[in-house]
Amino acid sequence: MYKKFVLAAMMVLFLTPLSMAEYPSDVNILDKAAIVKLSDDQLIDTYENALVEIDADRTFHTTSGFSPKEYKDYKALLKFRLLLLVEIHSRNLELPQF
(Lines give C-alpha, C1' and ligand atoms only; values in the text may rest on other atoms or scores of the structure.)
Protein backbone atom coordinates (compact mmCIF):
# COMPACT_ATOMS: atom_id res chain seq x y z
CA MET A 1 0.00 0.00 0.00
CA TYR A 2 2.79 2.39 0.95
CA LYS A 3 4.64 1.64 -2.30
CA LYS A 4 1.56 2.47 -4.36
CA PHE A 5 1.15 5.77 -2.55
CA VAL A 6 4.79 6.71 -3.08
CA LEU A 7 4.59 5.72 -6.75
CA ALA A 8 1.43 7.79 -7.27
CA ALA A 9 2.98 10.78 -5.49
CA MET A 10 6.12 10.54 -7.61
CA MET A 11 4.07 10.38 -10.81
CA VAL A 12 2.12 13.48 -9.81
CA LEU A 13 5.24 15.42 -8.85
CA PHE A 14 7.33 14.50 -11.89
CA LEU A 15 4.77 14.21 -14.69
CA THR A 16 2.55 17.20 -13.92
CA PRO A 17 5.18 19.80 -14.90
CA LEU A 18 5.65 18.01 -18.23
CA SER A 19 1.96 18.14 -19.03
CA MET A 20 1.80 21.82 -18.07
CA ALA A 21 4.80 22.84 -20.18
CA GLU A 22 4.35 25.95 -22.28
CA TYR A 23 6.10 27.45 -25.22
CA PRO A 24 7.00 31.12 -25.11
CA SER A 25 4.70 33.48 -26.93
CA ASP A 26 5.91 35.21 -30.09
CA VAL A 27 3.60 38.15 -29.45
CA ASN A 28 4.88 41.28 -27.75
CA ILE A 29 2.23 42.89 -25.56
CA LEU A 30 2.11 46.59 -26.40
CA ASP A 31 0.60 49.42 -24.43
CA LYS A 32 -1.94 51.81 -25.94
CA ALA A 33 0.69 54.41 -26.91
CA ALA A 34 2.71 51.82 -28.84
CA ILE A 35 -0.41 50.49 -30.56
CA VAL A 36 -1.38 53.98 -31.74
CA LYS A 37 2.07 54.40 -33.34
CA LEU A 38 1.70 51.25 -35.49
CA SER A 39 1.11 51.66 -39.22
CA ASP A 40 -1.99 50.03 -40.71
CA ASP A 41 0.05 47.06 -42.00
CA GLN A 42 1.82 46.64 -38.66
CA LEU A 43 -1.51 46.82 -36.82
CA ILE A 44 -3.07 44.12 -39.01
CA ASP A 45 0.03 41.92 -38.73
CA THR A 46 0.12 42.29 -34.95
CA TYR A 47 -3.58 41.45 -34.71
CA GLU A 48 -3.13 38.36 -36.90
CA ASN A 49 -0.18 37.20 -34.81
CA ALA A 50 -2.21 37.64 -31.62
CA LEU A 51 -5.11 35.61 -33.06
CA VAL A 52 -2.75 32.82 -34.11
CA GLU A 53 -1.05 32.77 -30.72
CA ILE A 54 -4.37 32.62 -28.85
CA ASP A 55 -5.72 29.80 -31.00
CA ALA A 56 -2.46 27.84 -30.88
CA ASP A 57 -2.25 28.23 -27.11
CA ARG A 58 -5.88 27.15 -26.64
CA THR A 59 -5.39 24.11 -28.86
CA PHE A 60 -2.12 23.21 -27.13
CA HIS A 61 -3.75 23.14 -23.72
CA THR A 62 -6.82 21.16 -24.83
CA THR A 63 -4.77 18.39 -26.46
CA SER A 64 -1.93 16.28 -25.20
CA GLY A 65 0.43 18.98 -26.45
CA PHE A 66 2.82 19.30 -29.33
CA SER A 67 6.55 19.01 -29.63
CA PRO A 68 8.22 22.42 -30.17
CA LYS A 69 8.50 21.78 -33.94
CA GLU A 70 4.88 20.62 -34.20
CA TYR A 71 3.75 23.69 -32.23
CA LYS A 72 5.67 26.04 -34.55
CA ASP A 73 4.30 24.26 -37.65
CA TYR A 74 0.76 24.43 -36.27
CA LYS A 75 1.08 28.16 -35.63
CA ALA A 76 2.35 28.62 -39.20
CA LEU A 77 -0.70 26.74 -40.48
CA LEU A 78 -3.05 28.90 -38.40
CA LYS A 79 -1.37 32.04 -39.76
CA PHE A 80 -1.69 30.71 -43.32
CA ARG A 81 -5.41 30.04 -42.81
CA LEU A 82 -5.93 33.53 -41.41
CA LEU A 83 -4.11 35.14 -44.34
CA LEU A 84 -6.23 33.15 -46.78
CA LEU A 85 -9.41 34.33 -45.03
CA VAL A 86 -8.26 37.95 -45.16
CA GLU A 87 -7.54 37.65 -48.89
CA ILE A 88 -10.87 35.94 -49.59
CA HIS A 89 -12.73 38.73 -47.78
CA SER A 90 -10.73 41.45 -49.52
CA ARG A 91 -11.80 39.98 -52.88
CA ASN A 92 -15.43 39.75 -51.71
CA LEU A 93 -15.52 36.00 -52.32
CA GLU A 94 -17.64 33.52 -50.42
CA LEU A 95 -16.04 30.85 -48.30
CA PRO A 96 -16.51 27.31 -49.58
CA GLN A 97 -19.01 25.36 -47.52
CA PHE A 98 -18.57 21.67 -46.87
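Up top you'll find the structure we're talking about.
Residues numbered from 1 in each chain as written. Predicted model: local features only at pLDDT ≥ 70, side-chain atom pairs only at ≥ 80, totals over all residues. Heavy atoms only, no water.

Novice: Before we move on, could you go through the overall build of the protein chain and cite the residues and values that matter?
Specialist: The number of helices and strands found in the protein chain is 4 helices and 0 strands. Moving toward the C terminus, one meets the helices and strands of the protein chain in the order α-α-α-α. Within the span of the protein chain, comprising 98 residues, buried residues form 12% of the whole. A sequence separation of at least 24 residues applies to 54% of the contacts in the protein chain between residues at least 6 apart. Accessible area of the protein chain: about 8600 Å², with a carbon and sulfur share of 66%. (Helix = DSSP H or I, 4+ residues; strand = E, 2+ residues; numbered from the N terminus. Buried < 20%, exposed > 50% of the residue type's maximum accessible area, 1.4 Å probe, protein only. Contact = heavy atoms within 4.5 Å. Areas by Shrake-Rupley, 256 points an atom, 1.4 Å probe, with all protein chains shown as cover.)

Novice: I'd like to hear about the pattern of salt bridges, residue by residue, with values.
Specialist: Summed over the entire model, instances satisfying the criterion amount to 6 salt bridges. Between Lys79 and Asp45 there is a salt bridge, with its nearest N and O atoms 3.1 Å apart. In this pair, Lys79 sits in helix α4 (residues 68–90) while Asp45 sits in helix α3 (residues 40–62), placing the two residues 34 residues apart along the sequence. Linked by salt bridges that have partners in common, Asp45, Glu48 and Lys79 make up one network. (Salt bridge = Lys/Arg side-chain N within 4 Å of Asp/Glu carboxyl O.)

Novice: Break down the side chain of Glu48 for me, with residues and values.
Specialist: One can find Glu48 in helix α3. Among residues more than four places away in sequence, those in contact with Glu48 are Lys79, Leu82, Leu83 and Val86.

Novice: Go over α4, please, and point to the residues and values.
Specialist: Taking 1.5 Å per residue as the helical rise, α4 with its 23 residues ought to reach 33 Å, and the 33 Å between its terminal C-alpha atoms agrees with that figure. For α4, the complete set of buried residues consists of Tyr71, Lys75, Leu78, Lys79 and Leu82. (Expected span 1.5 Å × (residues − 1).)

Novice: Account for the nonpolar core, naming residues and giving values.
Specialist: The biggest cluster of nonpolar side chains holds 6 residues, and these are Val52, Ala56, Phe60, Tyr71, Leu78 and Leu82. The residues contacting Val52, other than those within four sequence positions of it, are Lys75, Leu78, Lys79 and Leu82. (Core = buried A, V, L, I, M, F, W, Y, C linked by side-chain atoms within 4.5 Å.)

Novice: Before we move on, could you go through unusual backbone geometry and cite the residues and values that matter?
Specialist: Look at Asn92: it is not a glycine, yet its phi comes out positive at around 55 degrees. Inspection of the secondary structure assignment puts Asn92 in the segment after α4.

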